[in-house]
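Here is how the chains run, residue by residue.
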Amino acid sequence: MMSDPTVSAENLKDWIARGAQGDEDACAQLYREFSPAVLRLSFGLLNDLRDAEEVMQDAFVYALRNLRRFDPEKSAFRTWLFTIAISRCRNKRRRKWLATLPLSLLNAEPAPGSPREVEALLARRGVRRQIWEALQELSPRLREALVLRYLGNLKYGEIGQALGCNAKTAESRVRLGLVALRGTLKRLGVEAEAELAELSV
Amino acid sequence: MHIHQSWLALIEKRLSPAERARAEAHLAACPECREELAEMRDLVSAMEAIPSALRAMLGRRPSLWPAIWARVQRRAAAARPAYSWQLAASMGLVAVCLVTLTLFGPTLSGSWPATIELANTSQITLQTPLAPHTASNAAATARAPQAGFPLPAPVQTPRPGPTG
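Caption draft 1: Spatial organisation of the interface of chain B and chain A. Taken together, the contact pairs 36 residues of chain B with 48 residues of chain A. When chain B packs against chain A, the two sides together hide about 4100 Å² of surface, and 69% of this comes from carbon and sulfur. At the junction of chain B with chain A, the criterion picks out six salt bridges. Arg-182 of chain A is paired through a salt bridge with Glu-39 of chain B; the nearest N and O atoms lie 3.2 Å apart. Summed over the shared surface of chain B and chain A, the result is nine residue pairs in polar contact (both at pLDDT 80 or more). The biggest single contributor to the side of chain B that touches chain A is helix H3 (residues 31-58) of chain B, with 18 residues. Partitioned by chemical class, the residues of the side of chain B that touches chain A number 23 nonpolar, four polar and nine charged.

Following this line, the structure appears as structure tokens:
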């Protein structure tokens, strides 16, 4: 499984300590090291790049202002950041659910990183078609587990910490998520084939 | 026994040698489980390939660091002055109170209210001869010698007679 470059424990400890004192350079190092993963995680959960960037900003503003609250005994720094981002993603989804006006009515520009763009990008890199779409159709609970596992590259224990469950439950959610994903992919595949058949008639 | 519960652990190589041997023996005899395992292996590979594909797309986005740092500093600046002003004001007030009590505490202790009351009573008594001689005036008069500075003797004023 590919992962982001990892920082040494000593450097991380130093950045967190200096960042808690308001050192901009240390905070910038933390941002450079962890922001790609936080953005990827948020994007996987929200499927909207603008929203994901907003969540990433909010999560970092909160984290950097509250570095003193981070307890390395309780979780890894990355897991702590992901927990903050997940909470903001849930809030964002709730607000979106409540929003009634479609963006097109507000003359908003089309969002970058649209699902179609993501699908095309993944396909160019040899990733199975429709997997992104299928991922977005999962229930939030299963999607969060899969996104933390595969986009966040967390271990089951860390997923449990981020989601408030134990490692065994986290693993079960990932397994069930994959089974559900396979089911959704099959359904989407059948639908796509039916659509193709209709077009060729 | 199918491998419904253990296929993920098998793919991720987390089974013990004994569990692995059992699973492989079952797979050798069960085409249904072999097919399921192959599908899930593909799916896991696809999921694992997503981050590197997204990294290419998300890595092109402009950095949000300047905006984030500006917000961090803005919040810090908004919080700091209020806190320091409140703290400075409170500490200043406490310091003034302590200095006042240290310098003048022994002199003022117990005498100040009586002195004021007495002085006012004397003035009122002199200017308004018909002012009623109240219990507090009498008490103040009685305390006058303890006040620490000389005061004119209270003037005796005729008390109003009982009315209706």
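Caption draft 2: Local environment of a nonpolar patch on the surface. All names here are of chain B. A cluster of nonpolar residues, Val-99, Leu-103 and Phe-104, forms a patch on the protein surface that exposes about 310 Å² of accessible area. Structurally, Leu-103 can be placed in helix H4 (residues 65-108). Relative accessible area serves as the criterion here: at 57%, Leu-103 is assigned to the exposed category.

Caption draft 3: Structural context of the pattern of salt bridges. Summed over the entire model, instances satisfying the criterion amount to 15 salt bridges over all chains. Between Arg-71 of chain B and Asp-58 of chain A there is a salt bridge whose closest N-O contact spans 2.9 Å. With one member in each of two chains, Arg-71 of chain B in helix H4 and Asp-58 of chain A in helix H3 (residues 49-65) form a pair that bridges those chains. The exposure class of Asp-58 of chain A is partly exposed, given its relative accessible area of 26%. Within the structure, one salt-bridge network assembled from shared partners comprises Arg-149 and Glu-171 of chain A together with Glu-12 and Arg-14 of chain B.

Caption draft 4: Seen up close, the confidence of the model for chain A. Mean pLDDT over chain A works out to 86, with 87% of the residues at or above the 70 mark. With pLDDT under 50 throughout, residues 100-108 of chain A is counted as low confidence; its partners more than four residues away or in other chains account for two contacts.

Caption draft 5: Representation of the confidence of the model for chain B in the model. All names here are of chain B. For chain B, per-residue confidence averages 72 on the pLDDT scale, and 58% of positions sit at 70 or higher. Taken element by element, chain B is modelled with least confidence in helix H5 (residues 112-127), mean pLDDT 48, and with most confidence in helix H1 (residues 7-11), mean pLDDT 93. Note on residues 113-119: pLDDT under 50 across the span, and 10 contacts to partners over four residues away in sequence or across chains. Contacts from residues 144-151, a stretch scored under 50 in pLDDT, to residues over four places away or in other chains number six contacts. The complex model carries a pTM of 0.69, and its ipTM stands at 0.84.

Conventions and cut-offs
- Residues numbered from 1 in each chain as written.
- Chains lettered and ligands numbered in written order.
- Predicted model: local features only at pLDDT ≥ 70, side-chain atom pairs only at ≥ 80, totals over all residues.
- Heavy atoms only, no water.
- Contact = heavy atoms within 4.5 Å.
- Buried area = accessible area lost by both parts, 1.4 Å probe.
- Salt bridge = Lys/Arg side-chain N within 4 Å of Asp/Glu carboxyl O.
- Polar contact = N/O pair within 3.5 Å; in protein donor to acceptor, adjacent residues only side chain to side chain.
- Helix = DSSP H or I, 4+ residues; strand = E, 2+ residues; numbered from the N terminus.
- Nonpolar A, V, L, I, M, F, W, Y, C, P; charged D, E, K, R; others polar.
- Patch = residues over 30% accessible without salt bridge, like charges linked within 9 Å, V, L, I, M, F, W, Y side chains within 5 Å.
- Areas by Shrake-Rupley, 256 points an atom, 1.4 Å probe, with all protein chains shown as cover.
- Buried < 20%, exposed > 50% of the residue type's maximum accessible area, 1.4 Å probe, protein only.
- pLDDT = per-residue confidence, 0-100.

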